[in-house]
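Here's the letter readout for the chains.
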Amino acid sequence: MEGRYLINFDSRQLPYYETELLIIGGGIAGLYTAWKAAEIGLKPTVLTKGTIDDTNSGRAQGGIAAALGETDSPDLHYKDTILAGAGLCDFNAVKILVNEGPARVKELINIGANFDRCGKELAMTQEGAHSKKRILHAHGDATGAEIMRALAAQIKVQDKVELLEQYFVIDLLVDDNICYGALAFDENTGQCVVFWSKAVVLASGGAGQLYQYTTNPEVATGDGIAFAYRAGAEVMDMEFVQFHPTTLVLPEAPRFLISEAVRGEGAQLRNSRGERFMPRYHGMAELAPRDVVSRAILYEMAKTGEDCVYLDLTCLPRETIKKRFPTITATCARYGLDITRELIPVAPAAHYLMGGVKTNCHGETSVYGLYACGETACQGVHGANRLASNSLLDGLVFGNRIVDKVRNYIKLSAPEEHPHFSCQELFEPAGSFTCIKKELKHTMSENVGPLRTTQRLTQALAFFDKNSWLQKHRCRGPREMEVRNMLEVGRLIAEAAMMRTESRGGHFRLDFPETMSRWQKHIIIRR
Ligand SMILES: Cc1cc2nc3c(=O)[nH]c(=O)nc-3n(C[C@H](O)[C@H](O)[C@H](O)COP(=O)(O)OP(=O)(O)OC[C@H]3O[C@@H](n4cnc5c(N)ncnc54)[C@H](O)[C@@H]3O)c2cc1C
């Protein structure tokens, strides 16, 4: 089938590893699942594309949401999550998230994750669209780094997880809708290798790199969604991309995230005329859902002709800012901005993909032996728009629920010969195609961004058609493979966005601005 694989190969000719459980990705979802799987006696191998430090998880600032406060409850967390999800949350998945979340967070505390405290009590803040202070944070605004540190340390002490860094997974090996493992490129040796595995967990993160401006690191190119889709797995909700409203806009700086928690502590958004504008757009003002704040910022930018608006923290005490947001303070200072005195120029950037590989509430995909969790998966817990700080929690809760299913699957799967996998039909490429990446990012940003129209989406789809010839050519290394994956995922987002002729959550159509009851359903795509 054309476009099924990215390279020519023959599984009989390649060196191979055999493992009981292959986990693709070493972010919060991958590491947590590996830890829990090892705890019940499984022997997981974790592959990461870059190093263990190259993840979205390690960059998470604001925190992790859990109903642990005295005046809070899972029911209130449930209501907030459902409301933010704009009619598309899976009720059962949300119930699981809010009810099992607190226990998962307590596990992190038990293994030494050092969340901030006020005296002996856990310190909690509020973020957009949360009705309670329920966001735990660590070292002010370095929550993800602290959780990842604790998980990595736990796995090291446990000494049962094999962690292999710099292994780029190219494609899944699926025959007759059963997953037997994966084909990978070992960047340490420059060789392709096969990983045979009884079960595979996909925890390969998001796809923010499809856009020109993103908070995501370089590794977030949507590989897992692309190779799962190529292997026949169903993907769901791909049109729902979350744009974070407030990322730093300075000429020399990357689009560094200015956490929502900053607004949670009282910071206000102002346009270039100094006017506070959010109360005009939503009753919750600066703490409205992210899509609402992002669009309001874009409208204000268009009105004033500026490429940013401003986040004003100067109403907060200097010492509070420094203590609560040390990473943000230091990063802005590196670019000459003193956020205790000056306004921060900000604009929206691609941040999170609500869609992904479709799973049920046990992480099972439509392919036997293939499971998914974390940002790459979609069981509908975030609906059309993720509530802030629910994503780290989602990685833990649904990672945990995979483990029992995987154990049973492995127990039941008969030992058998591996099927033979090969592909020999791909042509030599004429020249490098990494240059297409720039065009792709431009296309996605202009045409499949926060404000979409039929005309823009038509242009995006034409771009993907124009580049479909690449499917006939083999990739010569991970960077070309990433471009192919980005094209695959970009097309899925554009196709679903074109199909959904309404606006809802992270998907906004200027030509269909209303939310329509007939569209209260998911778009599921299968190759
Ligand atoms: C700047 C920033 C701030 C955020 N703040 C928060 C927050 O405060 N609270 C919150 O809940 N969420 C936050 N998020 C979102 C959250 O961090 C992510 O959604 C979550 O961490 C995703 O975890 P993950 O394990 O699914 O993926 P990741 O942590 O991104 O890990 C993906 C892993 O997959 C590997 N991988 C990818 N492709 C391949 C391949 N081809 N072969 C092998 N390995 C591969 C990568 O190497 C990596 O190890 C934030 C995100 C960003 C970017």
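Caption draft 1: Representation of the sheet that holds strand 20 (residues 377-378) in the model. Strand order in this open sheet of four strands is 20-18-13-22, and the pairing throughout is mixed. The sheet is open, and its two borders are formed by strand 20 and strand 22 (524-525), each paired with just one other strand. Bridging between strand 18 (residues 356-358) and strand 20 involves two bridges; their strand directions are parallel. Among the inter-strand pairings, Val-357 is bridged to a residue of strand 20, identified as Ala-377. On the sheet, helix 5 (residues 223-230) packs against strand 13 (235-236) and strand 18 and is oriented at approximately 40° with respect to strand 18.

Caption draft 2: Representation of the packing of helix 12 (residues 436-447) against helix 13 (residues 454-466) within the structure. Contact geometry for helix 12 and helix 13: axes closest at 9 Å, N-to-C directions at 160°. When the axes of helix 12 and helix 13 are compared, the pair comes out roughly antiparallel. Between helix 12 and helix 13 the crossing geometry is left-handed. In contact with Thr-443, Glu-446 and Asn-447 of helix 12, helix 13 contributes Arg-456, Leu-457, Gln-459, Ala-460 and Phe-463. A breakdown of the residues in the contact of helix 12 with helix 13 according to their chemical character gives three nonpolar, three polar and two charged.

Caption draft 3: Fine view of the sheet that holds strand 7 (residues 124-125). One open sheet holds the three strands; their spatial order is 4-8-7, and the pairing between them is antiparallel. Of all strands in the sheet, those with a lone pairing partner are strand 4 (64-65) and strand 7, marking the two edges. Bridge analysis of strand 7 against strand 8 (residues 135-136) gives two bridges, and the strand direction is antiparallel. Looking at strand 8, one finds that Met-124 is bridged to Leu-136.

Caption draft 4: Structural view of unusual backbone geometry. You will see that Ala-129, though not glycine, has its phi angle at about 65°, which is positive. Mapping Ala-129 onto the fold places it in the loop between strand 7 and strand 8. What makes Ala-129 buried here is the crowd of 23 C-beta atoms within 10 Å. Not every positive phi belongs to a glycine, and Asp-237 is a case in point at roughly 60°. Residue position: Asp-237 is located in the loop between strand 13 and strand 14 (241-248).

Caption draft 5: Fine view of the site of the ligand. Of all residues adjacent to the ligand, which total 46 residues, the nearest are Gly-25, Gly-27, Ser-57, Gly-205 and Gly-374. Here the residues of the shell around the ligand are counted per class, giving 15 nonpolar, 26 polar and five charged.

Caption draft 6: The arrangement of the pairing of strand 12 (residues 191-202) in detail. As paired strands, strand 2 (residues 16-24) and strand 12 are joined by eight bridges and run parallel to one another. Within the sheet, the bridge partner assigned to Leu-22 lies in strand 12 and is Val-200. The sheet contact formed by strand 11 (residues 178-186) and strand 12 spans six bridges and is antiparallel. The residue bridging Leu-183 from the neighbouring strand is Val-194, located in strand 12. The turn linking strand 11 back onto strand 12 is made up of four residues, and Gly-190 within it adopts a positive phi angle of 75°. Direction of pairing for strand 12 relative to strand 19 (residues 370-372): parallel, over a ladder of three bridges. Each bridged residue has a counterpart across the sheet, and for Val-200 the counterpart in strand 19 is Leu-370.

Caption draft 7: Representation of the nonpolar core within the structure. Counting residues in hydrophobic clusters, the biggest one holds 159 residues, and the most contacted among them are Leu-172, Ala-182, Ala-184, Val-200, Val-201, Leu-202 and Ala-228. Here this core takes ten residues from helix 14 (residues 478-499), the largest share from any one element. Looking at which domains feed residues into this core, each of domain 1 (245-348) and domain 2 (427-525) supplies at least three.

Caption draft 8: Here's a closer look at the domain arrangement of the protein. Looking at the assigned domains, one finds that the protein contains domain 1 (245-348) and domain 2 (427-525). Summarising the inter-unit geometry, the C-alpha centres of domain 1 and domain 2 are found 29 Å apart. Taken together, the contacts link five residues of domain 1 with five residues of domain 2. Along the lines of polarity and charge, the residues of the side of domain 1 that touches domain 2 split into two nonpolar, one polar and two charged.

Thresholds applied
- Residues numbered from 1 in each chain as written.
- Predicted model: local features only at pLDDT ≥ 70, side-chain atom pairs only at ≥ 80, totals over all residues.
- Pairing = 2+ DSSP bridges.
- Helix = DSSP H or I, 4+ residues; strand = E, 2+ residues; numbered from the N terminus.
- Contact = placed C-beta atoms within 7 Å.
- Axes fitted to C-alpha atoms, helices over the stretch in contact; angles between N-to-C directions.
- Parallel < 35°, antiparallel > 145°, perpendicular 65-115°, else oblique.
- Left-handed = near helix turned anticlockwise from the far one by under 90°.
- Nonpolar A, V, L, I, M, F, W, Y, C, P; charged D, E, K, R; others polar.
- Buried ≥ 20, exposed ≤ 12 C-beta atoms within 10 Å, placed from the backbone.
- Near = placed C-beta within 6 Å.
- Core = buried A, V, L, I, M, F, W, Y, C linked by C-beta atoms within 7 Å.
- Domains from an automatic or database assignment.

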